[in-house]
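Chain residues, written in single-letter form:
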Amino acid sequence: MKITDVEAIWLQLPAVDDRADGTQDTLVVKVYTDEGIVGVGEVDSSPMAAKAIIEAPMSHKIARGLRLCVLGENPLDIARLWHAMYEGSIFFGRGGAVQQAISGIDIALWDIAGKVMGQPVYRLLGGGFRNHLRAYASILFQETPEATYNLARRLVDQGFTAVKFGWGPIGKSEATDLALVRMARRGLGDDIDLMIDAGICYDATTAIRRAHQFAEYNPYWLEEPLHPDNLEGYARLAAASPIRIAAGEQETTLAGFQALLDAGLSVVQPDVARVGGLSQTIQIGRMAAQRHRLCVNHSYKTGISIAASLHFLAALPNASLLEYCVEQSPLRQTLTRETFPVVDGLVAVPQEPGLGITLDEEVIARYRVA
């Protein structure tokens, strides 16, 4: 079996704003083979930038587009092809958007492997520790505490047992922060887990203060309160906080996650569409397991990323929660025919070969930019 082509498909809604909402656009990757099996992946990045990285012509040996690194190769040689992409783009890569672009092809290769072997991907990753993940609804803080309260009530009524609010107006003032979290907790009630995503809005001193202030509302974790480069601040925060500290969605390398673990974080959050695909995400999860830390996916994209996240989480002993984006964007809700329903607070891990997803080609045609 040989790879005959790699297609990078840029999808975007008609209007895009500056909210921290990754469901407004995406890059879908299809890897084609000479036996008619097609693998599907997704990249969480700037779609235009990632598409260029995949399609770029050769400049020289270590400055090649990712498509050229895998064309004509056996798609089942996943580890070797990951290495070929990393080394072939090392001149302009070694992290960032290149690593994110590698993710899309890597996910598609695992999808192909599962289809060839007639197995769901999580079995190829070592086997499942669970068949269901507890979904936490992931959504932005609303513009007012009252609107956040109302949304919290609706999400509880939908059957979620955990909810994360993030970004939006948090960080504008101490009074606003406390009001948002207070009303989120009031809306959820005492029995629903609450996660807080601060969205890179504090310095370390403020984050330590907020962690103590938020503790009254019993949050499950405080996520990404600091700039991702502020490792010294994360070490201070993790040592002083009465609640779990979580981060990792901005990281794209194993070294980056190693540094977060060294800083003392309780929860690491790799995004399968950013960190180099399933090949690296499973390594990050196992690295966290060795330190007895939690691994939870970051995912704020489409059903492709949800499916891939379910597979790597199922294959880890230290993962039981699934970030489940509840944005109503058509890319999030309709790109895959599979909707991954939440039943009794849980989402089932796909059991079909590969990722277990089917793309809606009409949705692709409707929102395709290039």
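Because the structure is predicted, anything quoted here is derived from the model rather than measured. (Residues numbered from 1 in each chain as written. Predicted model: local features only at pLDDT ≥ 70, side-chain atom pairs only at ≥ 80, totals over all residues. Heavy atoms only, no water.)

Peer 1: For the overall build of the protein, give the residues involved together with the corresponding values.
Peer 2: A tally of regular secondary structure across the protein gives 14 helices and twelve strands. Rg of the C-alpha trace for the protein: 20 Å, near the compact-globule value of 21 Å for 370 residues, within the 12% margin. Expressed along its principal axes, the backbone C-alpha trace of the protein runs to roughly 60 × 40 × 40 Å. Pairs at least 24 apart in sequence give 73% of the contacts found in the protein among residues at least 6 apart. (Helix = DSSP H or I, 4+ residues; strand = E, 2+ residues; numbered from the N terminus. Rg over C-alpha atoms; globule rule 2.2 N^0.38 Å. Contact = heavy atoms within 4.5 Å.)

Peer 1: Please set out the pattern of salt bridges residue by residue, giving values where relevant.
Peer 2: Inspection of the entire model under this criterion finds 23 salt bridges. Between Lys301 and Asp25 there is a salt bridge whose closest N-O contact spans 3.4 Å. Residue Lys301 is located in the loop between β10 (294-295) and α12 (303-314), and its partner Asp25 is located in strand β2 (residues 25-33); the two are separated by 276 residues in the primary sequence. A residue is classified by how much of its surface remains accessible, and Asp25, at 17% relative accessible area, is buried. Salt bridges sharing partners connect three or more residues here, namely Asp25, Asp44, Glu249, Asp271, Arg274 and Lys301. (Salt bridge = Lys/Arg side-chain N within 4 Å of Asp/Glu carboxyl O. Buried < 20%, exposed > 50% of the residue type's maximum accessible area, 1.4 Å probe, protein only.)

Peer 1: How would you explain the sheet that holds β2 if you had to name every residue and give the values?
Peer 2: Spatial ordering of the open sheet is given by β1-β2-β3, a layout of three strands whose pairing is antiparallel. The sheet is open, and its two borders are formed by β1 (3-12) and β3 (38-43), each paired with just one other strand. Recorded for the sheet is a direction-independent mean angle of 20° between the axes of neighbouring strands. In terms of strand pairing, β1 meets β2 through nine bridges, oriented antiparallel. (Pairing = 2+ DSSP bridges. Axes fitted to C-alpha atoms, helices over the stretch in contact; angles between N-to-C directions.)

Peer 1: Could you give an account of the layout of surface pockets, with specific residues and numbers?
Peer 2: In this structure, the largest pocket occupies an estimated 370 Å³ of space. Considering the residues around the largest pocket, the lining is formed by 21 residues, among which Ile139, Leu151, Val326, Glu327 and Gln328 are closest to the centre. Sorting the residues of the lining of the largest pocket by element identifies β4 (132-140), α6 (145-157) and α13 (330-334) as the ones contributing at least two each. For the lining of the largest pocket, the element with the highest residue contribution is α6, accounting for three residues. Across the lining of the largest pocket, the residue classes tally to ten nonpolar, six polar and five charged. Its volume calculated, the second largest pocket comes out at about 290 Å³. Surrounding the second largest pocket, 20 residues form its lining, Ala20, Trp167, Glu249, Arg274 and His298 being those nearest its centre. For the lining of the second largest pocket, the secondary structure elements donating two or more residues are β4 and β5 (162-166). (1 Å grid on protein atoms, 1.4 Å probe; cavity = no way out; pocket = protein on both sides within 12 Å on 5 of 7 lines; lining within 4 Å. Points joined across faces, edges and corners; volume = space filled by probe spheres on them. Nonpolar A, V, L, I, M, F, W, Y, C, P; charged D, E, K, R; others polar.)

Peer 1: Outline a nonpolar patch on the surface, supporting the account with residue identities and numerical values.
Peer 2: A cluster of nonpolar side chains, namely Ile62, Phe91 and Phe92, defines an oily patch on the protein surface of about 300 Å² accessible area. Among the structural elements, Phe91 can be located in the loop between α3 (78-88) and α4 (96-117). Here Phe91 falls in the exposed class, since its relative accessible area comes to 58%. (Patch = residues over 30% accessible without salt bridge, like charges linked within 9 Å, V, L, I, M, F, W, Y side chains within 5 Å. Areas by Shrake-Rupley, 256 points an atom, 1.4 Å probe, with all protein chains shown as cover.)

Peer 1: Can you lay out the packing of α6 against helix α7 (residues 174-188) for me, pointing to particular residues and giving the numbers?
Peer 2: It is the contact of α6 with α7, at a shortest axis distance of 8 Å, that shows an interaxial angle of 30°. Classified by the angle between their axes, α6 and α7 sit roughly parallel to one another. When the axes of α6 and α7 are compared, the crossing they make is right-handed. Residue-level contacts link Pro145, Thr148, Tyr149, Ala152, Arg153 and Val156 of α6 to Ala179, Leu180, Met183, Ala184, Arg186, Gly187 and Leu188 of α7. For the contact of α6 with α7, the per-class residue count stands at nine nonpolar, two polar and two charged. (Parallel < 35°, antiparallel > 145°, perpendicular 65-115°, else oblique. Left-handed = near helix turned anticlockwise from the far one by under 90°.)

Peer 1: Can you break down helix α9 (residues 231-240) residue by residue, with the values?
Peer 2: Among the residues making up α9, those that are buried are Gly233, Tyr234 and Leu237. Within α9, the buried residues cover an arc of 100° as seen down the axis, which keeps them to one side. Opposite the buried face of α9, by more than 90 degrees, sit the exposed residues Glu232 and Ala239. Next to the buried residues of α9 lie α8 (204-214), β8 (245-247) and α10 (254-262). (Arc of directions from axis to C-beta.)

Peer 1: Report on the side chain of Gln99, specifying residues and quantitative values.
Peer 2: Following the sequence through the fold, Gln99 ends up in helix α4. Those residues in contact with Gln99, other than ones at most four positions away along the chain, are Trp82, Tyr86, Thr252, Thr253, Arg274, Val275, Gly276 and Gln280.

Peer 1: Tell me what's going on with the nonpolar core, and back it up with residues and numbers.
Peer 2: Within the largest apolar cluster, 114 residues are counted, with the highest numbers of intra-cluster contacts made by Val31, Ile54, Ile105, Leu155, Phe165, Tyr234 and Leu278. At ten residues, the largest contribution of residues to this core is made by α4. Counting residues in each nonpolar core, the second largest holds nine residues, with Ala162, Val267, Val296 and Leu321 among its members. (Core = buried A, V, L, I, M, F, W, Y, C linked by side-chain atoms within 4.5 Å.)

Peer 1: If you had to explain the environment of Asp197 to someone new, which residues and values would you point to?
Peer 2: Mapped onto the fold, Asp197 is located in strand β6 (residues 193-197). In the structure, Asp197 is positioned 58 residues away from Ile139 in sequence and 9.6 Å away in space, judged by C-alpha atoms. Contact partners of Asp197, with chain neighbours within four places excluded, come to Phe141, Lys164, Phe165, Gly166, Trp167, Ile170, Glu223, Glu224 and Glu249. Polar contacts involving the side chain of Asp197 include one to the main-chain amide nitrogen of Gly199, which spans 3.1 Å. (Polar contact = N/O pair within 3.5 Å; in protein donor to acceptor, adjacent residues only side chain to side chain.)

Peer 1: Lay out the packing of α3 against α4 with the relevant residues and their values.
Peer 2: One can describe the packing of α3 onto α4 by two numbers: an axis separation of 10 Å at closest approach and a directional angle of 160°. One element, α3, and the other, α4, form an angle in the roughly antiparallel class. Crossing hand, α3 versus α4: right-handed. Here Ile78, Leu81, Trp82, Met85 and Tyr86 of α3 lie close against α4, whose contacting residues are Gln99, Ile102, Ile105, Asp106, Leu109, Trp110 and Ala113.

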